[in-house]
Each structure stands twice: as structure tokens, then as C-alpha cells.
Amino acid sequence: MSMIKCCFEPLEMPEFLDSFVKKCTEGCCCGCCSALRPRYKRLVDNIFPANPEDGLVKSNMEKLTFYSLRSPEKLDRIGEYLYQRASKDIYRKRYKFVEIAMEAMDLLLMACHAQILNLFVESFLRMVQKLLEDTNPTLQIMATNSFVRFANIEEDTPSYHRRYDFFISKFSSMCYGNNDDMELRDSIRMAGIKGLQGVIRKTVSDDLVANIWEKQHMEKIVPSLLFNMQSGPSKSTDTEATPSTPPLLAEAVLRELVSRASFGHIKSVLKPLLTHLDHHKLWVPNKFAIDTFRIVMISIQPQYSYTVVETLMSHLDQNLTSSPKTRTSLAVVLSKIIAIAAGESVGPSALDIINNLLMHLKTSVSTQHDESTPEETQYQEALINALGEFANHHPDYQKIEIMLFIMNTVPDPSHKSKGDHLLQNILLKSLLKVGTQYRTVSFEKAFPVSFLQPLLKMARAASIPIRIIVMQIFQQLLDRHQNQHLLNVINVSHYPTLTIETPSRSDILFTHKYGSNILQAIIESMSQENHLEVLKSSYNTIALVIVEMACGETMQEFLLFILGVQQVAVTEVELSPKHRCNLHSIAISLLILLGRCTGVGPLVEYVEKLIQARKEEASYLLPPLMDNDKSAPSTLNTNLPHLLVDKLAVAECLQQAGLECNRVQTGTPYALNQTDISAHRHSWVDTHSAVRNSVVDASYNDIESVSSSPGVQKRSLASEYNFESMKRVLAEPTEASKREAREKQMQIGRTFRETAFEDLVRRTEPKHDVIQNKLNEIFNALSAERQISASCGVHAGSLLLAANGGLNGPSMIEPGKHHLAAGGQRPIYENNFPELFFY
């Protein structure tokens, strides 16, 4: 009774009610006044059991949920009261009651509608923060799971004042958990990664929330994810629905973060990523870096992928002073991911990336003083591979543009410094890398004039490695049927697996235009020194040209080239005997290859007889080639006319096969000392074809030569291509009519050379009579016309004088003694001064 009495002590009014409620709800411990407490508090208190091990009272929880839905304005008070109870329980370390309070929070959160969620969220987040601040791992994991459930709820109303700075910092620190218990450590790290995932989902979709892409946030999130990824395998299997380990979960969260990044935010993710790799020295070895950037490239929005490449190349610029191994690893990473960006990189962005790679190559070359170290060479090869991978994923027309862009950056072969030679070598290697990715369909498209001109210049360079690389570039672009590996060996035997296809009309026209320029460059390359690699690469190139372009219309050009190689071997006194023998071996090998590719039987029979004769008398004039370092026969006689290719015999073989042979008979074989690309052989038979085949020559001369007339502007080649020029081309006679005219001309020439003089006189006499008769008719007609015009003039003059009143009397007019102007009228000077014309 004393206890009850204490509750009803007399108090002054009107403060009685307030003091009574306060005393009953806070100071009273007897439980007799619970009916006077607010209903939401009574409902909250009822969810807690007497024994915390029994867990949440489900029935009372349903009543609390129903009440909160009926009275949503009470949600903030319910949340605040649950927070106060949980805080007291945490302080008293009654963790079971704290878990019950957190569970109740979760159930209320899931039951609330989106429109009234803001009334409860502040208390919920305070509750989560309170649990995260405790050192108990169980409470931290529970709070994190509650936050993740909250993050998956979509809110309709914006939150202007809500911030997640604490949660980002706390979840990031949990990602670095180092508990001795491996299972507990993984659980804490998993909770931290899930918490970061929840923050990302909650903030990136709400523009009014504090910007998570800020530097201070990304510098916590990204390294936390990378730390867990590098602690174990990061490649998840497709069968796993949800990641079960910290590395797999961290990879999934990084993918989600990158996929949600816009164009302006992607660098906010990349900068802390690069910083983490730098600080932890994860570039060497670079397996983790490659895997990480592949994840980024696959996850990023395709239109932003080239931004990753630009950022990585910018980071490479900042590490130019780093060790070659670090730069090489960076370049390798770039080569592994650049192919992914190539598909979305077009136009200026593609050329910008190519230009940056070339600048890195030039910088690497410029830093080499004496000789390139193996580490620097690996770095350059990594950059070249990156360039090749980038070009490989572009269409063919862009590959041509890339090759032309690279070719324009190669120093001129006239530069003799060691640095220029090294830069030429590196840039041509990068060009070769792009060329290996190109699939040639038409030679005219693969070798535009602006690309072919400088390439042929480089083919004449003094440096052996440069000439070899240029020949390899030609081989990659010429080989349309994968014959290159078969033609690597120089021999006179048959190639049984050689793939031969009849050249198209476009290829034939290309050969007529530019074939002589290519062949001229190759013969000059072969003739500089007796270097086996140069000779083999040159043979491979010209053999591919023959296989791809040889036919009846182009055969004579190749024959003149082969005869030119033989002539160089015979006439050039500066060549060594071994070099001469090697040139003879190449000439006979190309000749037998040409005969077999074109199917000209008489030519093949002739060459086989020649080969047999050489085997018997001079085997050193046949393959294999002889190196300068190896011993050779004591006598190397290359002046054996009966063992050389005979020009007239070759022409006769063509004639027997029904092919044209006039160029072989009268044309001049290829020769040396023609450094200009426009150098070409002209003869009285082939003048027109030589002019027609010099389109490249004219354009090259316009560029290279210096005009002697400063006031005269040269006509550009492009101006020739207009409607009128196309009409002239279409109006030109066909190849058949040209061939017929040439045959007629040859027949007339043979007639005048072989026919007796009396027969020629007899044949021409009737023609002279006909011409004389025609001339007599013309002269008679002209004389008759002159007489008629003279008589008409006299009559007209008489009439004129009569009309003028008989000027100066009739005695002034004498027929045949005056001069009449055109039209039969007397000139004005005869009218004014008649006495001067009187005889």
C-alpha cells in the first residue's frame, strides 16, 4: 500500500497531470501505471520478451506494425523510442535486446510505404550508426545487413539533408578487417563490401544526395574494393548466383560502380585505382592490373571506353622517369585493354590514341643514348603490340588511314643520324604490326599513292634492317592467298601447294600504273650489298607480286625485271662474285616461277633446259644463295652467255604461246642508278604505255622537284580528274583495238625490213599514181576557182567606178593591171592614190 500511496501523493493543480504522467512513466518502477503511458511506447515495450533468448514477440510486433500503418505520424516517435532503448541496452551490453530492437526496425522499415518513409529513416539511420560504432562484430554485421535492406528500397520523396559520410568511412574500414578468426574476418569484410554497395545504390540514383563521386569518397571506396580483390582470385564463375567470398563480391561491386559512372565521373574511379596500383607496386608483375582494367573495360559504358585508354596513357606520361619494367607493364596493360576500346573509338579519337602511342615510341627512342637496353626494347615492343591491337579492331579503311598516318611520321631516309635510323626502325615495325592485321582485297586500296611513295623511298634506304622491314610490309599487304611461307625458300623446283588466282582487272591496272615503281625499288634494294636476309625478303616480295599479278597482260613487265636483275649481275663491276651468283639464282628462280604461274609452256621448257645446263656447268648460278661468310668454289665465272637468259629466246617463247613480245624485244630491262621513283624505261614502241604508267611518277616529281619558274604554278594531279578527262578515257580505244593496231604496226615494220626493194617500189607505185592524180585534180580546181574570182572582181570594179561617176576617167582601168581586195572590191588606197598603181 505504501508503494501505491507514493504514486498518488497530493500535488498542486494544474501541474498535477504533467508531473503525474512523468513520474509514472519515468520514476515509477512498480508497473502499476503502464496504462497511462503513450500507446506507441506500450506497443514497443510489448515486443520485447521477458527472456531475451525467446526473441521478438511476433504477435505484439504485428500490433505495432498495424498501429504504425494506421498512424504514420507516430513513426518518427516509434523509431526514436526504439533507438533510445537500443542505446541503453548497448550501454548495458544486453546485446540480445539490441538485436530484437534492430529486427523490429527492419520489419517496420519494410512495412512502411515510400511516401511516409522519411518520417522513420532518420531514426533508423541513427540506430544503424549506433550499432556500427560498437566494437561487437555481430552488431556491425547486423547493422550492415539492415542498411543494405534499406538501400534496396526506392524512395519517392527526395532527401535534401541526408549524408552518408560516416557510412562510407565505416564500411571502408570494415573492408580491411584483420581479425585472427578467418571466418569472422571474411564476414566483416563481406559486410563492409555490402555496405559500400548499398551506399552506391542509394546515392547514384538520387541527385539530391551528397555526391558520392567526389574525390574524398572515391579514395575510400575504390581502394577498399581493390584490397579485397587482390587478396584472392577475382574471376567468378557463371554458376555462382551471388558472390560468396570477399574478392568475388568486391569485383561485383566494382563492376556495378563502373557501370553507373557517367562520362564526367569515370575518371573519379580511375584515378584512385591507378594510385592504389602505384602505391602497392602492383604493376610488376601486372597480372592483377590487367585483370582489374579488363573488369573496368567490360563494365564501363561502351561510348566511354576510350576514356580509360586516354587516362592510362596519361598515367604512362607521368611515369616516363620510372623504371623500364614499370613502363613496360603499363604498356602491356594498355595493349590488353586497348582492343576493347577500339570498337567504339572512331574519327579523331582513334587517331589521337595512335598519335599518343607514336609519341611514346618517339620519346623512348630519344631517351636512348648509345644502344637500346633489353628492358627498353620490351617497352617499345609492348607499345607496338598495343598499336597493333588497337588497329586490329578497326575496319580496313581505317587501318589504311592509320598506316598512312604512321608512314607520315617516319623520318626521311636521307636523315643519317643514329637516332633517326632507330626511330625509322621502330615506326616501321609499328606499321608492320598494323599491316599484319589488314586483309587486302584490292591492291589499289591497299597501296594509295600517298602511302606507296614514301614506302618505296624507304625501300631504297641504306639501312639493312629498314629495307627488310619494308619488304615485310609489302609481303603482308601483297599476300592475299597465304603463299608467303611457301615462297620464303628460293629454289627452282615446283611449289605444289601454291594458291594462284587470275588477277582482276583492277589489279592489272594497278600493275600497269605502279608495278614498274615497285620493281625498280626492289631491284635497287637487292643490288646494294650481298646480304642474305635482304635478298631473301626481296625475292619473297617479287615472288608474291608475280603470283598475285602475273598474267598475259603483265608478263612482259616481269620479264623485263628478270632480265634487268641478270643485267645488273653481269654489268655492275662493283658487285662481288658471290653477289653476282646470287642475283643469277634469283633471276632464274623468278623466271621459272613466272612461267609456271602464267602457264606458258614454251617458257617453262626453255627455263628447265637452262637450269639443267647450269647444273652441269655452273651450279653456283642456281639456288641456294651463297653468304659472304661461307666458302665458295675457287672459280666463279658468271660471264657464260649460253647459261644466261636470252632476251630473244624469251620473246620467241611468248610468241609461240600467242602472247605479245614486242616490249621484251625492243624494251630496255631494268637498271640501277635511278633513285627517283619516276624513273622508267621509254622506247619508240612503249612510249604511250610508259607515259600512261607514270601517274605516281608525275605526282612524285611535282612534290620533290623545285620549280625553275617561280611565277608559274604547277597543275595538280587532282585537277585532271574531271568530267572531260573521264570522257577522254572512255573514248580511248579498247585493249583489243590497241593490240590490233600494234600487230598491224609490227607487220608493216617486218614488211619493210624483210621485203626486197624492188617489191617495195612495185607496191608503192600505184599509190603514188593515185596521189598524183588527186593532186592534179585539186590544182585544176583551184586554178579554175581563181579565174572565176578574178573575172568577178574586174566586173565588180567596173560597176563601182561607174557608180562613182567615172573617177579619173576610163583610161585608169586596165584588166590584169590592178590588185583587188577580198570580195572583188578595189582597196581604199587604190581609190585615193590611183597614179601610184598605173603601169
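Residues numbered from 1 in each chain as written. Predicted model: local features only at pLDDT ≥ 70, side-chain atom pairs only at ≥ 80, totals over all residues. Heavy atoms only, no water.

1. Some thoughts on the overall build of the protein chain
Across its full length, the protein chain carries 36 helices and zero strands. Counting only contacts in the protein chain whose residues sit at least 6 apart along the sequence, the fraction spanning at least 24 positions is 71%. In the form shown here, the protein chain has an accessible surface area of approximately 43300 Å², with 54% of it arising from carbon and sulfur atoms. (Helix = DSSP H or I, 4+ residues; strand = E, 2+ residues; numbered from the N terminus. Contact = heavy atoms within 4.5 Å. Areas by Shrake-Rupley, 256 points an atom, 1.4 Å probe, with all protein chains shown as cover.)

2. Quick look at the nonpolar core
Ranked by size, the top nonpolar core spans 210 residues in total, and within it L82, F293, L428, F447 and F561 carry the most contacts. Two domains each donate at least three residues to this core, and these are domain 1 (261-393) and domain 2 (479-504 + 516-628 + 640-666). Not counting residues within four places of it along the chain, the set of residues in contact with L428 comprises M407, V410, M458, I466, I469, V470 and I473. With eight residues, the next largest nonpolar core counts A613, Y620, M626 and L643 among its residues. (Core = buried A, V, L, I, M, F, W, Y, C linked by side-chain atoms within 4.5 Å. Buried < 20%, exposed > 50% of the residue type's maximum accessible area, 1.4 Å probe, protein only. Domains from an automatic or database assignment.)

3. With respect to the environment of L387
Mapped onto the fold, L387 is located in helix α18 (residues 374-392). In this structure, the C-alpha to C-alpha distance between L387 and L358, residues 29 residues apart in sequence, is 8.5 Å. Aside from chain neighbours lying at most four places away, what touches L387 is I354, L357, L358, I406, S430 and V434.

4. Notes on the packing of helix α13 (residues 266-279) against helix α14 (residues 287-299)
At a minimum axis distance of 11 Å, the contact between α13 and α14 shows a crossing angle of 170°. Taken together, α13 and α14 sit at an angle that is classed as roughly antiparallel. When α13 is examined against α14, the residues L270, L273, L274 and L277 are found in contact with a partner set consisting of F288, A289, T292, F293 and V296. In terms of residue class, the contact of α13 with α14 is made up of eight nonpolar, one polar and no charged. (Axes fitted to C-alpha atoms, helices over the stretch in contact; angles between N-to-C directions. Parallel < 35°, antiparallel > 145°, perpendicular 65-115°, else oblique. Nonpolar A, V, L, I, M, F, W, Y, C, P; charged D, E, K, R; others polar.)

5. A few points about the confidence of the model for the protein chain
Confidence in the prediction of the protein chain, expressed as mean pLDDT, is 79, and 74% of residues score 70 or more. Note that pLDDT drops below 50 for residues 792-824; the model gives that stretch 28 contacts with residues more than four away or on any other chain. (pLDDT = per-residue confidence, 0-100.)

6. Topic: the environment of F171
By the secondary structure assignment, F171 is in helix α9 (residues 165-174). Once the C-alpha coordinates of F171 and V199 are considered, the two residues, 28 residues apart in sequence, prove to be 9.3 Å apart. Ignoring sequence-local partners within four residues, the contact set of F171 consists of L132, T144, F147, G192, G195, L196 and V199.

7. Focus on the packing of aromatic side chains
Applying the stated criterion across every chain, the model contains 18 aromatic pairs. Each ring, one from Y164 and one from F167, has its centre 6.2 Å from the other, and the planes form 50°; the classification is tilted. Taking relative accessible area as the criterion, Y164 reaches 3% and is therefore assigned buried. A connected cluster of aromatic rings, assembled from ring pairs, spans F124, F147, F150, Y164, F166, F167 and F171. Seen from the ring of F150, K202 lies directly overhead, with NZ or CZ sitting 4.4 Å from the centre. We note R327 situated over the ring of Y379; from NZ or CZ to the ring centre the distance is 4.8 Å. (Phe/Tyr/Trp six-rings, centres within 6.5 Å; stacked < 30°, edge-to-face > 60°. Lys NZ or Arg CZ within 6 Å of the ring centre and 35° of its normal.)

8. Describing the pattern of salt bridges
Any two side chains of opposite charge can pair if their charged atoms end up close together. Within this structure, the stated rule accounts for 22 salt bridges. With a closest N to O distance of 2.7 Å, R255 and E251 form a salt bridge. One end of the pair is R255 and the other is E251, both in helix α12 (residues 246-260) and four residues apart, which spans about a single turn. Among the ionic pairs, R467 bridges to E529, the shortest N-O distance being 2.0 Å. Note that R467 is positioned in helix α23 (residues 464-478) and E529 in the loop between α24 (505-526) and α25 (532-549), a separation of 62 residues in sequence. (Salt bridge = Lys/Arg side-chain N within 4 Å of Asp/Glu carboxyl O.)

9. Here we look at unusual backbone geometry
A cis amide bond links V284 to the next residue, P285, at an omega of -5°. Looking at the element boundaries, P285 is found in the loop between α13 and α14. Cis rather than trans, the peptide bond between P623 and P624 has omega equal to 5°. Within the secondary structure, P624 is located in the loop between α28 (601-617) and α29 (647-656).

10. With respect to the packing of α24 against α25
Where α24 meets α25, the axes come as close as 10 Å, and the angle between the chain directions of the two elements is 165°. Regarding the angle of α24 to α25, the classification is roughly antiparallel. Our pair here, α24 against α25, has a crossing hand that is left-handed. Between α24, through F510, T511, L519, I522, S525 and M526, and α25, the contact on the second element is made entirely by V534, L535, S538, T541, I542 and M549. Tallied by class, the residues present in the contact of α24 with α25 amount to eight nonpolar, four polar and no charged. (Left-handed = near helix turned anticlockwise from the far one by under 90°.)

11. What about the side chain of T326?
As for its position among the elements, T326 is in helix α16 (residues 324-342). There is a polar contact of 2.9 Å between the side chain of T326 and the side chain of S323. Those residues in contact with T326 that lie beyond four places of it in its chain are W283 and V284. (Polar contact = N/O pair within 3.5 Å; in protein donor to acceptor, adjacent residues only side chain to side chain.)

12. Some words on the side chain of H579
As for its position among the elements, H579 is in helix α27 (residues 577-598). Apart from the residues within four sequence positions on either side, H579 is in contact with M526, S527, Q528, E529, N530 and L535.

13. Notes on the environment of E133
Positionally, E133 belongs in helix α7 (residues 118-133). According to the relative accessible area criterion, E133 is partly exposed, its value standing at 45%. Sequence separation of E133 and A143 is ten residues, and the distance between their C-alpha atoms is 9.9 Å.

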